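Listed below, chain by chain, are the residues.
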Amino acid sequence: MHSQPHGRRNGPTRRAVLGTVAGVAAAGVAGAYAWNRHGHGGADSSGVGGNGADSGVSSRSGSHTFERLSDPGRTVVRGSDGDTLATFTDGARTAVLAGPTRHFSEARTTTSKVTTNAWVRVLPHTWQQGMEKSAWFKGWFGKTLGDTAPDVFAVAFEYSSAGAPDKHNGAGVRYAGTAHFGPRNQEVSSPLDFAYHDEQSDFYDYLGTPWTFSDGTRAQPEQARYGDVDCSGFQRLVWGYRMGLPLHNTNTKGAGLPRRAFAIAAYGPGSLVIPHTNTQPTELGILQPGDLVFFAIIKDRPNFIDHCGMYLGLDDQGRHRFYSSRSAANGPTMGDLSGRSLLDGTDFYARGFRAARRL
């Protein structure tokens with residue numbers, strides 16, 4: 001959730017919904033680009049853009065074909081058999097590449113599973129049309145396609161509230177392991193309430209180490225928040241601290257990810273693939289794995305972005321599922337405790353879904 005500048009919440013402000021309780025698992029087996037094969041990303045596989053427009057010019061390099069699509073402008077790489085190998089979006093550093101199939105689950109809070117062959121990587125440079133001809137891209141793509149080193153999804157699940165092993169760097173800092181949402185809010189009694197655990201925990205609170213931002217400001221962690229990250233703090237932990245995207249400590253325009261969910265939606269880097277129009281988006285085919293998704297879930301502020309998560313793709317029920325740090329689960333979850341982690345339909349978070357950004 002967002003970080004508030006003054007104090008804690010005084011009581012329940014959002015609806016609580018009962019969910020199921022019971023680990024998180026991810027395993028891999030060989031396979032094709034399941035993200036497309038399962039129906040998501042069909043615009044790429046059919047050669048038709050997300051708005052129904054015909055795809056643009058294609059070019060070939062060796063056994064790969066590079067095709068241009070629109071809305072948003074992007075370059076799609078296809079193999080000799082026509083299968084999608086990768087997608088690169090103009091203005092974004094997020095790249096989605098085909099790789100071995102993986103299965104993500106969280107039995108503690110949901111029976112749903114996500115099976116995907118999409119591997120989400122961060123490019124060394126912001127993508128622009130024609131970059132497939134550059135020397136850096138040829139070297140990067142040849143090395144990265146088929147690489148099974150941890151991607152954005154694998155890194156994100158290293159913080160699962162359902163249980164993730166601790167990892168320490170050479171300086172002894174625990175940089176990964178089970179994350180929680182925030183300190184217990186003693187003014188709220190129900191564990192299913194959205195304010196049961198307090199917001200305002202950023203990535204440096206989880207790490208327990210001070211952080212100096214590019215503008216020279218220095219943030220000090222709170223001891224009571226060690227191991228905690230709220231919704232936007234979690235995205236900053238994954239995309240910034242772990243994946244190397246720039247970070248800044250304000251909620252204004254700047255280089256990199258700002259602090260709160262509403263500011264990331266409005267001013268974050270990359271491409272705004274679903275703009276905020278004060279209504280629930282229903283055309284979700286433009287989404288790709290790794291997109292940040294944003295929600296307005298405060299009862300008396302129905303159009304204010306107050307929560308963010310990461311889009312995982314379709315689950316085994318064909319529903320659009322996301323992953324976020326939430327109070328009821330007390331940390332990162334893809335589960336359904338106190339609201340189903342879905343973008344489509346009429347459930348609590350689906351009704352509050354407002355926008356999406358590709359970093």
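Residues numbered from 1 in each chain as written. Predicted model: local features only at pLDDT ≥ 70, side-chain atom pairs only at ≥ 80, totals over all residues. Heavy atoms only, no water.

## Brief notes about the overall build of the protein
For step 1, the next point in the chain: Secondary structure assignment for the protein yields eight helices and 17 strands.
For step 2, the next point in the chain: Taking all 359 residues of the protein together, the buried fraction comes to 56%.
For step 3, the next point in the chain: Of the accessible surface of the protein, which amounts to about 13,900 Å², a share of 52% is contributed by carbon and sulfur atoms. (Helix = DSSP H or I, 4+ residues; strand = E, 2+ residues; numbered from the N terminus. Buried < 20%, exposed > 50% of the residue type's maximum accessible area, 1.4 Å probe, protein only. Areas by Shrake-Rupley, 256 points an atom, 1.4 Å probe, with all protein chains shown as cover.)

## Some remarks on the sheet that holds strand S17 (residues 353–358)
For step 1, the next point in the chain: Here we have six strands laid out as an open sheet, ordered S12-S17-S13-S14-S15-S16, and antiparallel in their pairing. With one partner strand each, in any of the chains shown, strand S12 (271–274) and strand S16 (331–333) form the two edges of the open sheet. Each adjacent strand pair in this sheet contributes to an overall mean axis angle of 30 degrees, direction not counted.
For step 2, the next point in the chain: Alignment of strand S14 (residues 307–314) against strand S15 (residues 320–326), held across four bridges, turns out to be antiparallel. Looking at the pairing, Tyr311 lines up with Phe322 of S15. (Pairing = 2+ DSSP bridges. Axes fitted to C-alpha atoms, helices over the stretch in contact; angles between N-to-C directions.)

## Topic: the pattern of salt bridges
For step 1, the next point in the chain: Taken as a whole, this structure holds 16 salt bridges when the rule is applied.
For step 2, the next point in the chain: Put simply, Asp202, Asp230, Arg236 and Arg259 are held in one network by salt bridges that share partners. (Salt bridge = Lys/Arg side-chain N within 4 Å of Asp/Glu carboxyl O.)

## Description of the pairing of strand S5 (residues 84–89)
Within a regular strand, the side chains alternate between the two sheet faces.
For step 1, the next point in the chain: For S5, a buried count of six out of six residues is recorded, marking the element as mostly surrounded by other parts of the structure.
For step 2, the next point in the chain: Across five bridges, strand S4 (residues 74–78) lies against S5 in antiparallel orientation. Along S5, the bridge assignment pairs Val76 with Thr87.
For step 3, the next point in the chain: The hairpin turn running from S4 into S5, its antiparallel successor, is five residues long, and Gly82 in that turn takes a positive phi close to 90 degrees.
For step 4, the next point in the chain: Summarising the sheet, S5 and strand S6 (residues 94–106) pair through three bridges and their orientation is antiparallel. Considered in S6, the bridge of Ala86 is made with Leu97.
For step 5, the next point in the chain: Counted between consecutive antiparallel strands, the loop separating S5 from S6 contains four residues, among which Gly91 sits at a positive phi close to 85 degrees.

## Re helix H6 (residues 231–242)
For step 1, the next point in the chain: Under the 1.5 Å per step criterion, the end-to-end length of H6 is 16 Å for 12 residues, consistent within 8% with the ideal 16 Å.
For step 2, the next point in the chain: Downstream of H6 by one or two residues, Gly244 has phi in the positive range, about 90 degrees. (Expected span 1.5 Å × (residues − 1).)

## Some points on helix H3 (residues 135–144)
Helical geometry note: an α-helix holds 3.6 residues per turn, so side chains three or four residues apart project in the same direction.
For step 1, the next point in the chain: Along H3, the residues classified as buried are Phe137, Trp140, Phe141 and Thr144. Seen from one end, H3 has its buried residues packed into an arc of 95 degrees, which puts them on one side. Projecting away from the buried face of H3 at angles above 90 degrees are the exposed residues Ala135, Lys138, Gly142 and Lys143.
For step 2, the next point in the chain: Looking at the buried positions of H3, the neighbouring elements they touch are strand S3 (64–69), S4, S5, S6 and strand S7 (113–122).
For step 3, the next point in the chain: Just downstream of H3, Gly146 is the residue with a positive phi angle, here 90 degrees. (Arc of directions from axis to C-beta. Contact = heavy atoms within 4.5 Å.)

## Overview of the environment of Ser338
For step 1, the next point in the chain: Its location among the elements puts Ser338 in the loop between S16 and helix H8 (348–352).
For step 2, the next point in the chain: Note on Ser338: relative accessible area 1%, which makes it buried.
For step 3, the next point in the chain: For the pair Ser338 and Ser327, spaced 11 residues apart in sequence, the C-alpha to C-alpha distance is 8.9 Å.

## Some details on the packing of aromatic side chains
For step 1, the next point in the chain: Applying the stated criterion to the full structure yields 26 aromatic pairs.
For step 2, the next point in the chain: Their ring planes at 20 degrees and their centres at 4.7 Å tell us that Phe88 and Trp127 sit as a pair that is stacked. Here Phe88, found in strand S5, pairs with Trp127, found in the loop between S7 and H3; they are 39 residues apart in sequence, far enough to count as distant.
For step 3, the next point in the chain: Given a relative accessible area of 0%, Trp127 falls into the buried group. (Phe/Tyr/Trp six-rings, centres within 6.5 Å; stacked < 30°, edge-to-face > 60°.)

## Structural notes on the nonpolar core
For step 1, the next point in the chain: Among the nonpolar cores identified, the biggest contains 43 residues, and Tyr159, Val238, Trp239 and Phe294 are the most heavily contacted of them.
For step 2, the next point in the chain: Listed by contribution, the elements that provide at least two residues to this core are S6, S7, helix H4 (152–156), helix H5 (203–207), H6, helix H7 (261–267), strand S13 (292–295) and S14.
For step 3, the next point in the chain: It is H6 that contributes the most residues to this core, five residues altogether.
For step 4, the next point in the chain: Not counting the four nearest positions on each side in its chain, Val238 is found in contact with Val152, Val155, Ala156, Tyr159, Met243 and Met310.
For step 5, the next point in the chain: Formed by 16 residues, the second largest nonpolar core is a distinct cluster that contains Ile297, Leu314, Phe353 and Ala356. (Core = buried A, V, L, I, M, F, W, Y, C linked by side-chain atoms within 4.5 Å.)

## Here we look at the state of the cysteines
As used here, a disulfide is simply a covalent bond connecting the sulfur atoms of two cysteines.
For step 1, the next point in the chain: With the rule as written, the count across this model stands at zero disulfides.
For step 2, the next point in the chain: Cysteine Cys231 shares no disulfide, and the gap to the nearest cysteine sulfur, in Cys308, comes to 3.9 Å.
For step 3, the next point in the chain: On the accessibility criterion, Cys231 (0% relative accessible area) is buried.
For step 4, the next point in the chain: You can call Cys308 buried: its relative accessible area is 0%. (Disulfide = S-S within 2.5 Å.)

## Notes on unusual backbone geometry
For step 1, the next point in the chain: A cis amide bond links Asp71 to the next residue, Pro72, at an omega of 0 degrees.
For step 2, the next point in the chain: Within the secondary structure, Pro72 sits in the loop between S3 and S4.
For step 3, the next point in the chain: One non-glycine residue, Asp71, lies in positive phi territory at about 55 degrees.
For step 4, the next point in the chain: Phi is positive for Asn330, which is not a glycine, with a value near 55 degrees.
For step 5, the next point in the chain: Within the secondary structure, Asn330 is located in the loop between S15 and S16.
For step 6, the next point in the chain: Asn330 gets classed as buried once you look at its relative accessible area, which sits at 17%.

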